[in-house]
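# Structural characterization, general
Below are the chains, spelled out letter by letter.
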Amino acid sequence: MAKFFKLAAAASISLLALSGCSTSTGGDAATGNSNTPADLVKAGQVTLCIDPEYPPLEYYADGSGGDIVGFDADAGRALADHWGVKVKFEVTSFDGLMPGLQTGRCDIILGGLYTSPARLEVADAAPIMNAGPAALAAPALASKLTSKLDLCGRKVAAQAASSNAATVQAMGEECKAAGKGAPIVSEYPKTSDTVLAVLNGKSDVLVETNVAAAYMVTQNKGKLEMASQVFDPDTTFGVFTKKDSSMTPAIAAAFKALKEDGSLAEIAKKYDLDPTIVDVK
């Protein structure tokens, strides 16, 4: 199994150059086949915008550089093999993923993005995984968090520009109706920063996608616990393409094939994810 790195420790590593990129080879031919879309950013290559700071979906194998691994990264490689092309990872910050797609730096985003209404207004998305927000806190507090309203008035950390941050920010009126103060949200550029915010006492709770949250707990045993029943897993991760792009049906067809032949289930198991959360229609 790929070597994982501790999220909390990762913050002490020197900042990575966000404009860098990592390239690896997909199919041998690198010229495509009859299933390959004709309007790739670069012929013979599928380019993915990705933020390798989100284990177990996408992260650097050695913690600071080198190969990008994780469910999304390996799914991107499987896609390239399916199409018979090479794969390139265009590395950017999380909040730069959608701009990267819109400006033509990449063909697709395969990087832990919810298919939110706001995103679907500007891009297409094919479903790939069931997901939803989860709340994490120190063990003593986590045991007291049993509903969304338990976040009211608390200091909450979330990744910048994420749907998780938007979910917590939208709780203001709900908290007010319950006679409580709105959550005080602090947004950080990296998930490792949200972990440190709680470990250092700057925030009481962090809200992160359930897939990543489970990994955070394993890497911070005794320091973080997931609070059950705070949120429902009611959203879906998507593979994003430009709005009305010919890539959209090609992506959906490719990942349906990769699910049917067992490739996506094998990748999920490789990263200790439950294969049943793979949601490809």
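Above this text sits the structure in question.
Please read these numbers as outputs of a predicted model, since none were measured by experiment.

### Concerning the nonpolar core
Ranked by size, the top nonpolar core spans 46 residues in total, and within it Phe71, Trp83 and Phe255 carry the most contacts. Of all the elements, helix α2 (residues 71-83) adds the most residues to this core, at seven residues. Leave out the neighbours within four places in its chain, and phenylalanine 255 touches Ala75, Leu79, Leu110, Ile128, Val239, Leu264 and Val280. Val156, Val168, Val230 and Phe231 belong to the second-largest nonpolar core, a separate cluster that totals 16 residues.

### Focus on the state of the cysteines
Under the criterion given, the structure shown has two disulfides. Here cysteine 49 is linked by a disulfide to cysteine 106, with a sulfur-sulfur distance of 2.2 Å. With the S-S bond torsion at -100 degrees, the cross-link from cysteine 49 to cysteine 106 turns out left-handed. Here cysteine 49 is found in strand β2 (residues 45-50), whereas its partner cysteine 106 is found in the loop between α3 (97-102) and β7 (108-114), with 57 residues between them in sequence. The side chain of cysteine 152 participates in a disulfide bridge whose partner is cysteine 175; the two sulfur atoms lie 2.0 Å from each other. A torsion of -85 degrees about the S-S bond marks the disulfide between cysteine 152 and cysteine 175 as left-handed. Of this pair, cysteine 152 sits in the loop between α5 (139-142) and β10 (155-159) while cysteine 175 sits in helix α7 (residues 172-177); the two residues are 23 residues apart in sequence, bridging distant segments of the chain. This pair shows no difference in class: cysteine 152 is buried, exactly as cysteine 175 is. The connectivity of the disulfides in the chain is 1-2, 3-4, where the numbers refer to bonded cysteines in sequence order.

### Considerations on helix α11 (residues 263-270)
Of all the positions in α11, only Leu264, Ile267 and Ala268 are classed as buried. Buried residues of α11 fall within an arc of 100 degrees about the axis and therefore sit on the same side. At its buried positions, α11 is contacted by α2 and α10 (247-260). Positive phi appears at aspartate 272, one or two residues downstream of α11, with a value of about 60 degrees.

### Description of the sheet that holds β10
Strand order in the open sheet formed by five strands is β11-β10-β12-β9-β13, with mixed pairing between adjacent strands. Pairing within the sheet leaves two strands with one partner each, and these edge strands are β11 (184-188) and β13 (225-227). Strand-to-strand, the axes of this sheet are offset by a mean angle of 35 degrees, without reference to chain direction. Relative to strand β12 (residues 205-209), strand β9 (residues 133-137) runs antiparallel, the two being bridged by five bridges. When the sheet's bridge partners are listed, alanine 135 is paired in β12 with valine 207. Where helix α9 (residues 210-219) meets the sheet, it contacts β9, β12 and β13, and its direction lies at approximately 125 degrees from that of β12.

### Here we look at the environment of tyrosine 114
By secondary structure assignment, the location of tyrosine 114 is in strand β7. Residue classification places tyrosine 114 among the buried positions, given a relative accessible area of 5%. Along the backbone, tyrosine 114 and serine 162 are 48 residues apart, and their C-alpha atoms lie at a distance of 8.5 Å. With residues up to four places along the chain from it excluded, the contact list for tyrosine 114 reads Arg119, Ala131, Gly132, Pro133, Ser163, Asn164, Thr209, Thr235, Thr236, Phe237 and Phe240. For tyrosine 114, the side chain forms a polar contact with the main-chain oxygen of glycine 132, separated by 3.5 Å.

Rules behind the numbers
Residues numbered from 1 in each chain as written. Predicted model: local features only at pLDDT ≥ 70, side-chain atom pairs only at ≥ 80, totals over all residues. Heavy atoms only, no water. Core = buried A, V, L, I, M, F, W, Y, C linked by side-chain atoms within 4.5 Å. Buried < 20%, exposed > 50% of the residue type's maximum accessible area, 1.4 Å probe, protein only. Helix = DSSP H or I, 4+ residues; strand = E, 2+ residues; numbered from the N terminus. Contact = heavy atoms within 4.5 Å. Disulfide = S-S within 2.5 Å. Arc of directions from axis to C-beta. Pairing = 2+ DSSP bridges. Axes fitted to C-alpha atoms, helices over the stretch in contact; angles between N-to-C directions. Polar contact = N/O pair within 3.5 Å; in protein donor to acceptor, adjacent residues only side chain to side chain.

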